[in-house]
Amino acid sequence: QMLEEVRRGRTSVPPRAEARAIPIPEVAASDARRLATGMGELDRVLGGGVVPGAVVLVAGEPGIGKSTLLLQSAAAVAAAGHPVLYVTGEESLAQVRLRGERVGALQPLLCLLPETSLEAILSHVARARPRLLILASVQTTATETLESAPGTIAQVREVALQVARAARAAEAAALLVGHVTKDGNIAGPKALEHVVDVGLSFEGERHLAL
């Protein structure tokens, strides 16, 4: 069903249902259960996994391996029986497929969406309701409501805000790829500091090719 939704064209985003206040004892404990990424060290720095509805920013220099790391995690989540939507705005489906072959990520529940329009992405999330959403990357995604170019501070902030709302509505965990700029900032000068729930910095060895 999710694969069919990915294959469909763009549709309008349905209106968001009004939330209601719920006494804390009535909140199901399963709603706060963390989703394991399948990678022990990543789960460790995330406190045991990602919480449904939470947004995690994985930042680092371009080419350091952020997308590969998250593709492996997506495959592990899909292998556990959870639908995953991997949005690729930087690479073609063929490129992601080749990397998936190298890291053993060819899972039926892992669906790829080549899209940079925020509205189209949110439509797929609302209809397919994946358990895990990966956006690679936040700089290449843009909303049609702003005239600024993708990657600008306004676009990056709005994209992250809208993805966070959609993730919470769909009870999905969201992992955002954010490239570090030349001056060392993550997706702009602290643009996402107060938007995401967790921020991870993916770094390599300064003097070695690791």
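Provided above is the structure to which this section pertains.
In this text, all values refer to a predicted model and were calculated from it rather than measured experimentally.

Caption draft 1: A look at the overall build of the protein chain. In terms of helices and strands, the protein chain carries six helices and six strands. Listed by position from the N terminus, the elements making up the protein chain come as α-α-β-α-β-α-β-α-β-α-β-β. Within the span of the protein chain, comprising 210 residues, buried residues form 41% of the whole. Excluding contacts between residues fewer than 6 apart, the proportion of contacts in the protein chain whose partners are at least 24 apart in sequence is 76%. For the protein chain, the exposed surface amounts to about 11500 Å²; the carbon and sulfur share of it is 53%.

Caption draft 2: Examining the sheet that holds strand 1 (residues 55-60) more closely. Judged by pairing direction, the sheet is parallel, and its six strands sit side by side in the order 3-2-4-5-1-6 without closing on themselves. The open sheet has two free edges, formed respectively by strand 3 (110-113) and strand 6 (198-201), since each of these has just one partner strand. Strand-to-strand twist of the sheet, defined as the mean angle between neighbouring strand axes without regard to direction, takes the value 20 degrees. Taken together, the four bridges between strand 1 and strand 6 define a ladder with parallel strand orientation. Counted as the bridge partner of valine 56 is valine 198 from strand 6. Its contacts with the sheet put helix 5 (residues 118-128) on strand 2 (84-88), strand 3 and strand 4 (132-136), and the angle it makes with strand 2 is roughly 175 degrees. Strand contacts of helix 6 (residues 153-170): strand 1, strand 4 and strand 5 (173-179), with the helix running at about 165 degrees to strand 5, the strand carrying the most contacts.

Caption draft 3: The arrangement of the environment of alanine 160 in detail. Within the secondary structure layout, alanine 160 lies in helix 6. In this structure, the C-alpha to C-alpha distance between alanine 160 and threonine 141, residues 19 residues apart in sequence, is 9.5 Å. Ignoring sequence-local partners within four residues, the contact set of alanine 160 consists of Leu176, Leu192 and Val195.

Caption draft 4: Quick look at the nonpolar core. With 29 residues, the main nonpolar core has Val163 and Leu176 as its most contacted residues. In terms of residue count, helix 6 provides more of this core than any other element does, eight residues in total. Look past the residues within four positions of valine 163 in its chain and what remains in contact with it is Leu118, Leu122, Leu133, Leu135, Ala174 and Leu176. The next biggest cluster of nonpolar side chains, apart from the first, holds 24 residues, and it includes Leu46, Val77, Tyr86 and Ile134.

Caption draft 5: Broad picture of the environment of isoleucine 153. Locating isoleucine 153 in the fold gives a position in helix 6. For isoleucine 153, a relative accessible area of 39% translates into the label partly exposed. Each C-alpha atom, one on isoleucine 153 and one on alanine 191, is 6.2 Å from the other, the two residues being 38 residues apart in sequence.

Parameters at a glance
- Residues numbered from 1 in each chain as written.
- Predicted model: local features only at pLDDT ≥ 70, side-chain atom pairs only at ≥ 80, totals over all residues.
- Heavy atoms only, no water.
- Helix = DSSP H or I, 4+ residues; strand = E, 2+ residues; numbered from the N terminus.
- Buried < 20%, exposed > 50% of the residue type's maximum accessible area, 1.4 Å probe, protein only.
- Contact = heavy atoms within 4.5 Å.
- Areas by Shrake-Rupley, 256 points an atom, 1.4 Å probe, with all protein chains shown as cover.
- Pairing = 2+ DSSP bridges.
- Axes fitted to C-alpha atoms, helices over the stretch in contact; angles between N-to-C directions.
- Core = buried A, V, L, I, M, F, W, Y, C linked by side-chain atoms within 4.5 Å.

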